Each structure stands twice: as structure tokens, then as C-alpha cells.
Amino acid sequence: TVVRSERIDLNCFISTRIHSSFQFIQNTMTKIKMNPKKSSPFDRGDKNAMMWSKKGRVILSLCAISFVSIAFVEELSNVSQRRLACVRTLTEDYSGNPDDIRHLSKFGEVVDRVLNLVSDDSPCTTVFPDGVDEVVEDTSKAEGAFPGMDEPDFDVTTEDYFSDVDIADLNEVFILAPQDNDNNVIINIDIAERNLITSFEPQVYDPIEAETNASTNDSNTVAYIVPLVGCSNTYEPPVDGTSEPEVSSDLYEASAVLKCSVCETTEAAQTARRLGETRKLTDLGDLPSAAEMEYSMHALIHPMATECPIFEGSNVNYDRVKLLKSLNYRVEILGHPITAAKLFEANQIHIKDNIENDVGIRDTIKLHAWSMTSHRVVILMDYDTMIDQPIDAEIDMLLASDSIGMYLHSKPDETTGAAGVDTGFMIIKPSADEFENIVDSYLNTPYDPVSGWDGQGYNNFKGGLGLSGFLAYYFANHSGYVPIDRCTYAHTADEDCLGTLPFQNRKATTMLKDVCGNPRNCPYSHPLWADDKKDACAQLHRQYFTYRNIFEEKYFSKENKQERIGLFKQNSFLGYCTGPGQSNLLSMTGVVVPKAGWQTICPTDACPDDSYMRPDCTCTDPFHPCSACPDGTTCQTYPTLMCIDCNCAFCDNYSSQCCEDNASVETSAGGNVCQAVAGRDPKCDMSNNFFPAFNGSSDICSSEIQLSRSTVPNGCGCKPTSHSPCNYSQDWGDSSAKCFICTADDLAQGDCSECKSCMSGCANSSCLDTSVTTEQFMTCMDGITDSECRAQCHFHCMKN
């Protein structure tokens, strides 16, 4: 079946005539106004009053029936015009390329436009689908060392461990999340996620059924729109223009969190207006302000992106339309208005031949934001966007002005320093005429690969052939578009923004995976990040997981929900990560891992600055941070605050513990300190040089010894944070792994090569190359008297 423009033109003619007729009748009727101050015929004693009343009732009844009938026809006319795209000349004869025309599913049913909208008036509330099996992990695992539970990666003292490392070299090899052999982030989808995703079975979408479900009564609604253009296994242009998640379970969570950010900031704006904290912009007149308007979540899905594999490489597909509708998104299936055939007709040969090597032609699906004329305003976003503060004031300023939209520039290109338009955050007043103008201008503006759009440039960055480059040119040459600050409305925690705007002052965030890392990948922190960058990335990830927590607690109706039991970087991930990498994310819809009996989970409210959360969920005194440490640990305040089990770290060559805690013993120091185990092996003394990175005459269990400067393995301690208590169990972790400080015995067995390499940089260390036995290594290290040099090897002389 082919949709041809001739049939579309006839249908559009009919529907637009109905629309015009309705407007004429409506305008005529509004001229007849009833003035309640004038007396009625009864008040005047009119003898024909009763006759007037009877005739009046008949006339008014007929008028009411006519008005309702015409309104119904008008509603159908509006739907028809939207489906047929009368306000946009988008259809054309099929040219042989399936991407050149909007069609649905693998069966190739061709349509012009399909609306498939949910009718639920509450965009925030979400009900987990009925009939989907939820899976809860065996509770017996929660009490022991169940797989995947990792201690946090504590802060690394950069000047100690990377002073001799070239920053460029480290940036080249350091990755924020674990990757496979093909440099892809390792993904995982468990049985519970598969149960949910496969419940969204693919289907063919019928335009007639979609028209029946359509709703166009959105004139006082703010529409928040996110586009989805393709499946990663079939369509993945070099430049990612939408940031849509590749894994199905990721898409579910990302859509929920994005929606929650809109729900929460909109509710905050409405509350502020009710409390009188904000006022309506007087220039709006009788029109409602954004804080008084309803809002809805929309997804624009390309016809070739409705059905995708549950993850790349899988032969099991799911329906993205159904997934998003289950989250109360209104879904519209739309093709790209700029096609290869149109580019060929317009002689835009370079764009036609090269755009797929840039952002891809489907990037132009975003232009449909201008065509959504049933809404007074739309917010175009992508899946990297997170709204952090209300933006009702910006919407009101746009509505009260003659401007068409507000936009911001993208993060500058690292090579050229140039920047295009960031299509991940735009505020637009929809206009059919403007939609046509942009499409026509894209097709007819001369483009040269050297001089750019109409010889003005706007092309020397990623996305220059797509909307990022073209809209930068278009907005610069057409009035009606107001630039807004990138760092305020798309802060990425990059150095440029951090130098101009404190991260906490942003209104919206863009989560770039190459800047801070995707929060759902539970990324590491880069060891060479400056403190402000590290803090900003922690805030970014914390805000994401705060929204996830709010969604699950406030909006998500699901019988079994995952508690925040993860201990990896709790200050950033709020307990949703058990270790680095996507496979260690505690999924919103995955197998539920129960809380261990020794764990305490506190509300996400943070303690004040310089204060830490205690095991009872209260906050420490800023001058007594060690009260955050749980029983059975000793408090280490330098170089970073940690609570460490004295039974870990230092062990003799029989893996027997050198030290033990004395929390139950009154000591002059007060509280818990490490003390020597009675009858221990003499090798536990520092003077015997059994531990390469520690030398001296004092006891190895002395409180002066910093047991670790960066990390401790499972079961050896925890790190207090302002957002989560320091959770710890002595029974957690393998006992052999708890002896994590390298010994001379390890060097003799050929282990701890990094430790040996680091020690070789100290004076009088050449004997390390000739030593074979444990005793020979101990004798050699006795001659390495530079305590500071040996201390610099603390980090390298840890086994894990």
C-alpha cells in the first residue's frame, strides 16, 4: 500500500473545510452575549413572555445540539488533520528506500502518520503490568557474602599515587565503567527484567485504531517530548543524537526517571504558586501560566524503532510503544520529515550521501515538535536530560513574547571548539507554518562541506549535517529564537561550566557518559578529576538516583521493590550499585535482592556538610566523625575517613591475623583501637620488614599506621558518607581475601608484582631483583631505609 499525496490533498481539503466552517459558526455565536444585568421579559411584564420562553427553549436546544455536533465533528477533523499531516507536506510516492517513507513494522504497512496516545490523565503514576512474574532472590543469600556486593572504591590520594604518571596517558587508558573486548559497556539482563520486557509483545499498529485513541484537547497542556529513532542492532550512526538507551530494561528505568524529574519540578512550581512564592507574569493576560497548566509526557518513535531486541545481539524482540505506554507516555509513531528522496530533489547531494556518517537522517524526527500545535508549548528533550528545578518562569516568558522558542548551544567540540544547537533541551511554541519553514529551509539552504550552511559555517562539529548544525544556522538568521545559557539548562559537570556556574545552581542537567559516566553503569570516579569535578559528578549521579527513589516510593505501584543495599559509592549512587558496571546496578525491574540483617537503610536525606550518617540514621557532630563507625571497626581519619576492621589487612605467613579490635576494653585513647593479638608471630612487627610498604620500630597494629589509603576488600570495613550509614559485617567476605596487605612471602611466591615494581624505585632496592626466598626479601627491605619512599607504595602493595 502506498500513500500518495493526491488522496491526502483531497482528505485534507475536506477536513480543513469542516474546520473553517466550525470556526465561522463559533465566531458568530461568540458575538451573541447574554448580559445578566438586563431585565428579562418576565421582569418587564411582557405579555409575550411565555411565547418567547417556549420559542427560546426550542432555539437554545437546537443551538446546543448543533454546537455539540459541530464540536464533535471538529474534534474528528482535528484528529484527521493531525493523522493526515495536512499542516505539513510530508508524504510522497514510495521510492524504494524503506527509510524514505513512514511505515510500520517489519510487514511494511505504509501510513502517513499514526497517533497512538494513552488517555490516562496522570502522567506520573505508574502501575507495574499485571501478570508479569516478579522474582525475589533467596533470602538466605542476604545474610552471607552474596555475589556482587562490593565495598566502595574510596578516594585515591592523587598526589601520592599518580604524581609520576602522565595525565594524557592515564586519560587514554582509564575507563569509567568496565567494558568487554569490543569496548562496549558490559550489560546484563536478568530473568525478572526479561519477564517484564517480553510481556510487551510486538504488534502492527493500525492508523484507524490509533485515530480512535487520539486526543487533541491539549491546548492548556505543556508537552514534554523525547524522540526514539532506531534500534542499536540496525541503526547506530556515529553521532548519537537522542541518547536513547540500548538495553530494554535501561529504557524502562531511564523513561521513569526522566518522567519523575518532570513530575517533581512541575509539582514544585505548582506548590510555589499556590503558596504565593511566585506570581503570574502580567503579560500573559487571561492566559494560564505554566504553573497552572497540566503537563504530559510524549515519545516520538520512528516507525523503524517500534520493535527492537531486548538487548543488542538478542533474537527476542519487544515493543517499545507498549513499554512507554505502560509508563503513561503518550506515544506518536512518526517518520523523519527530511527524506533522502527530498534531499536528492533539492540537490542536497552531499547531505544525502554523508548524513548517515554523522547523526543520521532520522535525527530530523525532532522537527515534529514544532508540529504539535494542539499544545501551547512543548519541551524537547533527550534521554540524557534531567530537569532539576522548575522551568515555569522560562515557559511563561516565551508564551508572553513574540518569540517562537528558546535554545542553547551544545558542549563545544573538543577538537574545533565550535558548538551547534543542543536539541536535548529546547522550549518551543508549536507552529505549523514554522515547521514548514524549517523543513523548506533545510532542503533549500546551500551546504558546502568546507564553508558549511550558506557559507556561514555551523558544520565543524559532530552533528553539523543534522539539526544541531542546521538549527544553529537557522536560529542565527531568523528572528524569534532566544539563546539561553548552556550551563544553566544543560550542565554536564564539564570544566567549562564548572568554571562559570556552580553545579548546584543549574536548572537542568545533561548526563554525558564521557564526562561523568552514565549513572546506570555505576561508573568509577576518574583518579585525576579535580575536587569540584568529582563533587559535581557525585551530585549528578545522586540526583539521578534520588529521582529513581522518589519514583519508586511515590509513583510506582509494584509489589516487590529493590531496597538500596548496594555499598559501591553510596554517596553517589545511594545504594543502587553493588559495584562498578551496568551488571552491578540494582535494577528497578530486576530480580529483587533482599536486605542483609546487618544492614541499615536510611532515608536519602543528606546530613549537613562535614557531618556523616550514623548507623542509627542520625548525623554526627562535625568535630566527631568517628561516631559514624559501627561496632567492630576502628576509625581512621587520615588520609580519608574510613572504618576498618582490625582483624583484616596485616596477617603473618600463615594468614593468621596480626591485630584485633578492643572495642569492649576501656583504653586511655578512648573508644576502639587496634592492638596486637596475644602470642602472635614475630613477623607482625614492622621491625622485621615482613610488610614491604611499612617499616619502622613500632607495632604494626599501632594506631599511627594508616591501614589503607584507598580501599578495603569485602568484610574489612566501610566508609561513612553523608547520605548512607557505614554498613559492615565481620562475617562478610572471604577470610583469605581479608589479608590484603602484601607481604615478603607474597613477593617470594611471585605475587604483588606492582608492589615490587614500586619498591624498586627506592634507594638501595637492587637486591629485590636477586631475592628469592621470604627471608631474602625481608633482609633486602631491611636495607631500604627510606620510610617515605616505602610509604608511597601503600596503594601498590594491596592485593585487591
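Residues numbered from 1 in each chain as written. Predicted model: local features only at pLDDT ≥ 70, side-chain atom pairs only at ≥ 80, totals over all residues. Heavy atoms only, no water.

**A word on the overall build of the protein chain**
Counting secondary structure elements, the protein chain contains 21 helices and 23 strands. A burial count over the protein chain gives 54% of its 800 residues as buried. By element, 49% of the accessible surface of the protein chain is carried by carbon and sulfur atoms, the whole surface being about 35,500 Å². (Helix = DSSP H or I, 4+ residues; strand = E, 2+ residues; numbered from the N terminus. Buried < 20%, exposed > 50% of the residue type's maximum accessible area, 1.4 Å probe, protein only. Areas by Shrake-Rupley, 256 points an atom, 1.4 Å probe, with all protein chains shown as cover.)

**A short note on the pattern of salt bridges**
The full count for this structure, using the stated rule, is 16 salt bridges. Note that Glu267 and Lys554 form a salt bridge whose closest N and O atoms lie 3.2 Å from each other. Within this pair, whereas Glu267 is found in helix 7 (residues 248–274), its partner Lys554 is found in helix 16 (residues 531–555), the two being separated by 287 residues in sequence. Glu267 sits in the partly exposed class, given a relative accessible area of 33%. A single network of salt bridges, built from pairs that share partners, joins Glu253, Arg548 and Glu552. (Salt bridge = Lys/Arg side-chain N within 4 Å of Asp/Glu carboxyl O.)

**Comments concerning the pairing of strand 5 (residues 221–228)**
In terms of residue burial, strand 5 counts as a mostly covered element, since 8 of its 8 residues are buried. Going residue by residue along strand 5, you find Thr221, Ala223, Ile225 and Pro227 tucked away on one face and Val222, Tyr224, Val226 and Leu228 tucked away on the opposite face as well. The pairing of strand 5 with strand 6 (residues 294–301) spans 8 bridges and is parallel. Its bridge partner being in strand 6, Leu228 is matched across the sheet by Ile301. (Pairing = 2+ DSSP bridges.)

**What to know about the state of the cysteines**
According to the stated counting rule, one finds 19 disulfides in the structure shown. Note on cysteine connectivity: Cys487 is disulfide-linked to Cys497, with sulfurs 2.0 Å apart. In this structure, the disulfide formed by Cys487 and Cys497 twists by about -85° around the S-S bond and is classed as left-handed. Of this pair, Cys487 sits in helix 14 (residues 486–489) while Cys497 sits in helix 15 (residues 495–498), and the two are 10 residues apart along the sequence. By the burial criterion, Cys487 is buried, and Cys497 matches it. A disulfide bridge connects Cys659 with Cys701, and the sulfur atoms are separated by 1.9 Å. Note on the Cys659 and Cys701 pair: the S-S dihedral is about -90°, so by sign convention the disulfide is left-handed. Here Cys659 is found in strand 21 (residues 659–661), whereas its partner Cys701 is found in the loop between strand 22 (674–676) and strand 23 (717–718), with 42 residues between them in sequence. (Disulfide = S-S within 2.5 Å.)

**A short note on the sheet that holds strand 19 (residues 634–636)**
In space, the 3 strands of this open sheet follow the order 19-20-23, with antiparallel pairing throughout. The open sheet is flanked by strand 19 and strand 23, the only strands paired with a single partner.

**A short note on the packing of aromatic side chains**
Taken as a whole, this structure holds 23 aromatic pairs when the rule is applied. Where Tyr442 meets Phe470, the ring centres are 5.1 Å apart and the plane angle is 70°; that geometry is what we call edge-to-face. Remark: Phe470 occurs in helix 13 (residues 467–477) and Tyr442 occurs in helix 12 (residues 432–444); sequence separation between them is 28 residues. Residue Tyr442 is classed as buried on the basis of its relative accessible area, which comes to 0%. Summarising the aromatic geometry, the rings of Tyr447 and Trp453 are spaced 4.9 Å apart at their centres and angled 65° between planes, so their arrangement reads as edge-to-face. A single burial state applies to Tyr447 and to Trp453, both of which are buried. (Phe/Tyr/Trp six-rings, centres within 6.5 Å; stacked < 30°, edge-to-face > 60°.)

**Observations concerning a negative patch on the surface**
A cluster of acidic residues, Glu236, Asp240, Glu246 and Glu312, forms a negative patch at the surface. Considering the arrangement of structural elements, one finds Asp240 in the loop between strand 5 and helix 7. (Patch = residues over 30% accessible without salt bridge, like charges linked within 9 Å, V, L, I, M, F, W, Y side chains within 5 Å. Lys, Arg positive; Asp, Glu negative; His and termini not counted. Charge placed at Lys NZ, Arg CZ, Asp CG, Glu CD.)

**Some words on helix 13**
Taking burial as the measure, the 11 residues of helix 13 include 9 buried ones, the bulk of the element. Every buried residue of helix 13 is listed here: Leu467, Ser468, Gly469, Phe470, Leu471, Ala472, Tyr473, Tyr474 and Phe475.

**Some thoughts on helix 12**
The end-to-end C-alpha distance of helix 12, which contains 13 residues, comes to 18 Å, matching closely the 18 Å that a straight helix rising 1.5 Å per residue would cover. Tucked into the core, helix 12 has its buried residues touching helix 9 (340–345), helix 10 (349–354), strand 15 (452–453), helix 13 and strand 16 (481–483). (Expected span 1.5 Å × (residues − 1). Contact = heavy atoms within 4.5 Å.)

**Thoughts on the packing of helix 12 against helix 13**
Two elements in contact, helix 12 and helix 13, have axes whose closest approach is 11 Å; the angle formed by their N-to-C orientations is 115°. By the angle class used here, helix 12 and helix 13 are roughly perpendicular. Like other packed secondary-structure pairs, helix 12 and helix 13 cross with a definite hand, here right-handed. Of the residues in helix 13, those touching helix 12 at Glu434, Asn437, Ile438, Ser441 and Tyr442 are Phe470, Leu471, Tyr473 and Tyr474. Split by residue class, the contact of helix 12 with helix 13 holds 6 nonpolar, 2 polar and 1 charged. (Axes fitted to C-alpha atoms, helices over the stretch in contact; angles between N-to-C directions. Parallel < 35°, antiparallel > 145°, perpendicular 65-115°, else oblique. Left-handed = near helix turned anticlockwise from the far one by under 90°. Nonpolar A, V, L, I, M, F, W, Y, C, P; charged D, E, K, R; others polar.)

**Here's the deal with the side chain of Asp645**
With respect to the helices, strands and loops of the structure, Asp645 is situated in the loop between strand 20 (642–644) and strand 21. Here Asp645 sits buried without a salt bridge, and the closest side chain of opposite charge, Lys738, lies 5.3 Å off (N-O distance).

**With respect to the pairing of strand 6**
The side chains of a regular strand alternate between the sheet's two faces. With 7 of 8 residues buried, strand 6 lies mostly within the body of the structure. With respect to chirality, the unit in which strand 5 leads through helix 7 into the neighbouring parallel strand 6 is right-handed. Sheet analysis places strand 6 next to strand 9 (residues 330–333), joined by 4 bridges and oriented parallel. Residue pairing in the sheet places His298 in a bridge with Arg330 of strand 9. (Right-handed = clockwise from strand over helix to strand, strands pointing away.)

**Here's the deal with unusual backbone geometry**
Generally, phi is negative for residues other than glycine and the peptide bonds are trans, each holding for most cases. Phi is positive for Asn328, which is not a glycine, with a value near 65°. Here the phi dihedral of Asp610 falls at roughly 65°; this positive angle occurs in a residue that is not glycine. Within the element layout of this structure, Asp610 appears in the loop between helix 17 (570–573) and strand 19.

**Focus: the nonpolar core**
One finds Tyr224 and Ile395 to be the most contacted residues of the largest nonpolar core, which totals 83 residues. With 9 residues, helix 7 is the largest single contributor of residues to this core. Judged by nonpolar contacts, the second largest core, of 39 residues, contains Leu334, Ile355, Tyr447 and Tyr473. (Core = buried A, V, L, I, M, F, W, Y, C linked by side-chain atoms within 4.5 Å.)

**Observations regarding the side chain of Ser722**
Its place among the elements puts Ser722 in the loop between strand 23 and helix 18 (744–748). Within the structure, Ser722 has its side chain in polar contact with the side chain of Asn571 (distance 3.2 Å). Side chain to side chain, Ser722 and His723 meet in a polar contact 2.9 Å long. Among all residues touching Ser722, those that are not within four sequence positions of it are Asn571, Asp605, Ala606, Cys607, Ser611, Tyr612 and Met613. (Polar contact = N/O pair within 3.5 Å; in protein donor to acceptor, adjacent residues only side chain to side chain.)

**Structural notes on the packing of helix 7 against helix 16**
Two numbers describe how helix 7 lies on helix 16: the axes approach to 9 Å, and their chain directions differ by 85°. Accordingly, the angle class assigned to the pair helix 7 and helix 16 is roughly perpendicular. Residues Glu253, Ala254, Ala256, Val257, Lys259, Cys260, Ser261, Cys263, Glu264, Thr265 and Glu267 of helix 7 form the contact with helix 16, whose participating residues are Tyr544, Phe545, Tyr547, Arg548, Ile550, Phe551, Lys554 and Tyr555. The residue makeup of the contact of helix 7 with helix 16, split by class, is 11 nonpolar, 2 polar and 6 charged.

**Quick look at the environment of Asp652**
For Asp652, the position within the fold is in the loop between strand 20 and strand 21. By relative accessible area, which is 9% here, Asp652 ends up buried. Taking the C-alpha atoms as reference, Asp652 lies 9.8 Å from Asp685; in sequence the two are 33 residues apart. Ignoring anything within four residues of it in the chain, the contact list for Asp652 reads Cys658, Asp681, Cys684 and Phe690.

**Digging into the confidence of the model for the protein chain**
Summary statistics for the protein chain give a mean pLDDT of 78 and a share of 74% for residues scoring 70 or more. Here residues 1–52 is modelled with pLDDT under 50, and outside its nearest four sequence neighbours on either side it reaches 41 contacts, counting other chains as well. Here residues 70–120 scores under 50 on pLDDT; set against residues more than four positions off or in separate chains, the count is 148 contacts. (pLDDT = per-residue confidence, 0-100.)

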